[in-house]
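Given next are the chains, with one letter for each unit.
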Amino acid sequence: MLHIGCHLSSSKGFAAMGDMALSIDADTFAFFTRNPRGGSAKAADPADGAALMKLCQNKNFARLVAHAPYTMNLCSADSGLRDFAKNMMKDDMARMELIPGNYYNFHPGSHTGQGVDVGIGFIVEALNEVLPLAEHTTVLLETMAGKGSEIGRSFEELQAIILGVDEKHRERLGICMDTCHLHDAGYDIINDLDGVLNEFDKVVGLNRLKACHLNDSMNLAGSRKDRHAKIGEGHIGLEALVGVVTHPALRHLPFILETPNELPGYAAEISLLRSEFHRRMV
Ligand code: FE
Ligand code: FE
Ligand code: ZN
């Protein structure tokens, strides 16, 4: 069975997102832990979190994949911004404890001119402080397109972060692949998905792979742009994306659509991918 959902608005709270997911035949979803542009977050309601967890259990949802704000940069050259990001992440770990057992995905960060190694050093430093607070959460590094000074474009950079983190906290770390980002970063998921996954396995290990953002791309492979397209309307195409959701190494993962859609558009993509999945798997 395909586990799929999309990015949902968290403005009405936890349980409302569960109902929204059910209404579009999703059995997982993503949401921003707070306003993606700003830092402040409403106090989360424990009863609301518990209601969502009950719904997820009753309806056999796969794990949820919360998303940190885009603005959170653990490796900025500005120490004030780094501290701000780290404190935001610590606060998010406490909020995630209201919905225990799920994933928290974040963009490793942009080194803003300091170089990849310095950037990775700051990310590792922050994770060593944050991960001890992730009691029931697995924190996922997202594979990035490599726009600007983004870290996480290559599997090697992601693995360097993982290996930098204290061994005792590493079990709290995983990877979320983003198909648009992989494609834009230059990994050939259209013609050689097997090769890309073999390389991931060699460099990082497939056991670290916990979730997948399923997006088409508005740009050509290797463009390092990061602009998502609707499923089947970009340069990756429906065939290759169906290849991703049905791949034996991937098909158990929660898949999250981050395509430019409102709810009806997401419902249509979920329905399309569920039927394509079913057609291939029988
Ligand atoms: Fe992301
Ligand atoms: Fe993504
Ligand atoms: Zn993206």
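Structure's up top.
Read on for a plain summary of the structure. (Residues numbered from 1 in each chain as written. Chains lettered and ligands numbered in written order. Predicted model: local features only at pLDDT ≥ 70, side-chain atom pairs only at ≥ 80, totals over all residues. Heavy atoms only, no water.)

## Let's talk about the pattern of salt bridges
In this structure the tally under the stated criterion is 12 salt bridges. Between Lys147 and Asp226 there is a salt bridge, with its nearest N and O atoms 3.8 Å apart. Within this pair, whereas Lys147 is found in the loop between β6 (138-142) and β7 (150-151), its partner Asp226 is found in the loop between β10 (216-217) and β11 (228-229), the two being separated by 79 residues in sequence. Judged by its relative accessible area of 15%, Asp226 is buried. (Salt bridge = Lys/Arg side-chain N within 4 Å of Asp/Glu carboxyl O. Helix = DSSP H or I, 4+ residues; strand = E, 2+ residues; numbered from the N terminus. Buried < 20%, exposed > 50% of the residue type's maximum accessible area, 1.4 Å probe, protein only.)

## Things to note about the pairing of strand β8 (residues 173-178)
Within β8, six of the six residues are buried, leaving the element largely enclosed by the surrounding structure. The alternating pattern of β8 places Leu173, Ile175 and Met177 on one face and Gly174, Cys176 and Asp178 on the opposite face, and all of these are buried. In this structure, β6 lies alongside β8, joined through four bridges in parallel fashion. Each bridged residue has a counterpart across the sheet, and for Glu142 the counterpart in β8 is Cys176. Where β8 lies against strand β9 (residues 209-214), four bridges are found, and the strand directions are parallel. Each residue of the ladder has a partner; that of Cys176, found in β9, is Ala211. (Pairing = 2+ DSSP bridges.)

## With respect to the coordination of the iron ion (ligand 2)
Only Glu142 (OE), Asp178 (OD), His213 (ND1) and Glu258 (OE) from the protein coordinate the iron ion (ligand 2), and they sit 2.0 to 2.2 Å from it. Coordination at the iron ion (ligand 2) is irregular: its four donor atoms span angles of 83 to 172 degrees at the metal. Sequence positions of the donors to the iron ion (ligand 2) reduce to the motif E-x35-D-x34-H-x44-E. A separation of 3.1 Å is found between the iron ion (ligand 2) and the iron ion (ligand 1), which share Glu142 as a coordinating residue. Taken together, the positions of Asp178 in strand β8 and His213 in strand β9 put the pair 35 residues apart, joining distant regions of the chain. (Donors = N, O, S within 2.8 Å, 3.2 Å for Na, K, Ca; no water. Tetrahedral: all angles 85-135°; square planar, octahedral: opposite > 155°, others 65-115°.)

## A short note on the side chain of His183
Residue position: His183 is located in helix α6 (residues 179-185). In this structure His183 touches Ile189, Ile190, Ser217, Asn219, Leu220, Ala221, Gly222, His235 and Ile236, once residues within four positions along its chain are discounted. (Contact = heavy atoms within 4.5 Å.)

## Some words on the packing of aromatic side chains
All told, the structure shown has five aromatic pairs when counted by the stated rule. Ring centres 6.1 Å apart and planes at 85 degrees place the aromatic pair Phe14 and Phe31 in the edge-to-face group. A residue pair is termed long-range when its members are at least 10 positions apart, and Phe14 in helix α1 (residues 14-23) and Phe31 in strand β2 (residues 30-32) qualify at 17 residues. Phe14 sits in the buried class, given a relative accessible area of 10%. Phe31 sits in the buried class, given a relative accessible area of 3%. One aromatic cluster in this structure is built from Phe14, Phe29 and Phe31. Just above the ring of Phe122 sits the side chain of Arg82; from NZ or CZ to the centre is 3.7 Å. (Phe/Tyr/Trp six-rings, centres within 6.5 Å; stacked < 30°, edge-to-face > 60°. Lys NZ or Arg CZ within 6 Å of the ring centre and 35° of its normal.)

## Comments concerning the coordination of the zinc ion (ligand 3)
Distances from the zinc ion (ligand 3) to its protein donors, His181 (NE2), Asp226 (OD) and His228 (NE2), fall within 2.0 to 2.3 Å. Counting residues between consecutive donors of the zinc ion (ligand 3) along the chain gives the motif H-x44-D-x1-H. A separation of 5.2 Å is found between the zinc ion (ligand 3) and the iron ion (ligand 1). Linking His181 in helix α6 with His228 in strand β11, this pair joins segments that are 47 residues apart in sequence. As far as the burial class goes, His181 and His228 line up, both buried.

Treat this as a map of the structure, not an account of what it does.
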